[in-house]
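Notes for the structure review
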Amino acid sequence: MSAQIILKVLALRHRLRQRDRWTRRQLEEHQRRELRLLREHSYARSPFYGRFHKGLADRPLSDLPILTKETVMEHFDELVTDPTVRLADVEAHLTTLSGGDELFGERYRVASTSGSTGRRGLFLWDPDEWGAVLASYNRSFDWAGVGAGLTRRTRMAVVSSTTPWHQSARVGASVHSPWVPTLRLDSGDPLESIVEGLNGFRPRVLVAYASMAHLLAEEQLAGHLRISPGFVFGSSEVFTEQARRRAEEAWGEKPFEVYAATETAGIASECDLHRGMHLFEDLLITEVVDEKNRPVPPGVYGEKVLVTVLFSRTMPLIRYEMSDSVRPATSPHCPCGRPFALIDGIQGRAEDVLRFAAASGGQVSVQPIVFHRVMDAVPAGGWQVAQGPDGLTVLLSGVREGFADAYLVDSLRRELEAQGALVPPVKVRRVPNIPRTTAGKAPLIKSYVPAAEVLRRKP
Ligand SMILES: [Zn+2]
């Protein structure tokens, strides 16, 4: 990591720590000021925003149009505030990445979203923005009390995607330094080799996709994995109740959940009181909204979130839509005294909502949380509920002895009936591993039912 970036991150980390002691009012003043600066910059430098917000420059944030990933990619060249940055060149640069800390145009770091849902998105950061990205990830460690980060030697193992165009890999390449001896393992590798790598490295901090943290907890409890991390972080996927419980049983400490995305870097993170995740409201404005973009009340899951990245300058993101379904906490304040509001649940993405024929005619939507409720009671190392044209298939891996699949089928039927669904056939299949995506994630809920897909599947 370059000395320039280290200094930026250290300075910013110091500023971020001071904000933990802000009052709510100081935080809101900061948000207003940062939002004004972001909008002024965007209107002056981005031809796209000049049009997109035409006539709205003085209106409040809630009156501004929603920005989708499709719109960003369609208008990429006009949206970026550096006229020398062209999508075609950025795309060409991505194909040359080899896992180091390579820069585009000697200035920008580039990463792409994996594109599991629709079009792939490309995002880039100048050195100041990249400093904010790194500092925001570092904040999660800070709040957990790791007390290390960039200046003290803390052995850290990260099990995630090592594909060079994923942001986690870019962050990994940036923070790799003698101060933070880091082992990076690919979550797509066979579990035995991941376990072996971790046993050899003995990390003090373990960071993994949530489903991987769960699998590793099971490996620890089975005696194959023998590490004693003081801190475990789960990210990028729903951290189920069962995964948390097993991680705590395995390593004696409650794990920490981190909510982050490529476009935003860290969005929210737990403090050591585990009352939910504090939103990083000094770096982002996160609106939790329903399908009509209206804010949802505390205690209710939203349909999506709209994020405004206050530090974004190269690619300003204002009311950028993400399909995560999260829930603002009913008691937004945490005894730790931080001014940042809490969210207390992430149930997945809008695509994880399954639709069934309703007993009363029409359709009924079943929220991911309904499946989590049932599946959390199953003593398995991993699960996936997949909806296909012929019904539901539940994949289970690493099921502990004595568990009867028929019991699970019954529970699922009862839950779905209670939701008003006409329950389709439900099958349970035991598998050695839950299949992972190319990014190494193991989705909990999948649907193959879109009409086109059904047609292709029928002979
Ligand atoms: Zn707190």
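See above for the structure.
All of the points below concern the structure found in this document. Since the model is a prediction, treat every value here as computed from it, not as a measurement. (Residues numbered from 1 in each chain as written. Predicted model: local features only at pLDDT ≥ 70, side-chain atom pairs only at ≥ 80, totals over all residues. Heavy atoms only, no water.)

1. What about the nonpolar core?
Grouped burial of nonpolar side chains is what soluble globular proteins tend to show. Val-72, Phe-76, Leu-124 and Tyr-259 are the most contacted members of the largest nonpolar core, which totals 66 residues. Of the residues forming this core, the biggest block, six residues, is contributed by helix 7 (residues 127-144). Val-366, Met-375, Trp-383 and Val-394 belong to the second largest nonpolar core, which has 29 residues in total. (Core = buried A, V, L, I, M, F, W, Y, C linked by side-chain atoms within 4.5 Å. Buried < 20%, exposed > 50% of the residue type's maximum accessible area, 1.4 Å probe, protein only. Helix = DSSP H or I, 4+ residues; strand = E, 2+ residues; numbered from the N terminus.)

2. With respect to the coordination of the zinc ion
Every protein donor of the zinc ion is accounted for by Cys-271 (SG), His-278 (NE2), Cys-334 (SG) and Cys-336 (SG), and the metal-donor separations fall at 2.2 to 2.3 Å. Taken together, the four donor atoms coordinating the zinc ion and their angles of 101 to 120° define a geometry best described as tetrahedral. When the donor residues of the zinc ion are listed from N- to C-terminus, their spacing reads C-x6-H-x55-C-x1-C. You can see Cys-271 sitting in the loop between strand 8 (265-270) and strand 9 (277-279) and its partner Cys-334 sitting in the loop between strand 13 (324-328) and strand 14 (342-349), a full 63 residues away along the chain. (Donors = N, O, S within 2.8 Å, 3.2 Å for Na, K, Ca; no water. Tetrahedral: all angles 85-135°; square planar, octahedral: opposite > 155°, others 65-115°.)

3. As for the environment of Ser-411
Position of Ser-411 relative to the elements: it lies in helix 13 (residues 405-418). A residue is classified by how much of its surface remains accessible, and Ser-411, at 11% relative accessible area, is buried. In sequence terms Ser-411 and Ala-377 are 34 residues apart; their C-alpha atoms lie 9.9 Å from each other.

4. With respect to the packing of helix 12 (residues 368-375) against helix 13
Closest axis-to-axis distance for the helix 12/helix 13 pair is 10 Å, and the angle between their directions is 150°. Put simply, helix 12 runs roughly antiparallel to helix 13. Between helix 12 and helix 13 lies a crossing of right-handed hand. Packed against helix 12, whose contacting residues are Val-370, Phe-371, Arg-373, Val-374 and Met-375, the element helix 13 presents Leu-408, Ser-411, Leu-412, Glu-415 and Leu-416 at the interface. Among the residues making up the contact of helix 12 with helix 13, the classes are represented as seven nonpolar, one polar and two charged. (Axes fitted to C-alpha atoms, helices over the stretch in contact; angles between N-to-C directions. Parallel < 35°, antiparallel > 145°, perpendicular 65-115°, else oblique. Left-handed = near helix turned anticlockwise from the far one by under 90°. Contact = heavy atoms within 4.5 Å. Nonpolar A, V, L, I, M, F, W, Y, C, P; charged D, E, K, R; others polar.)

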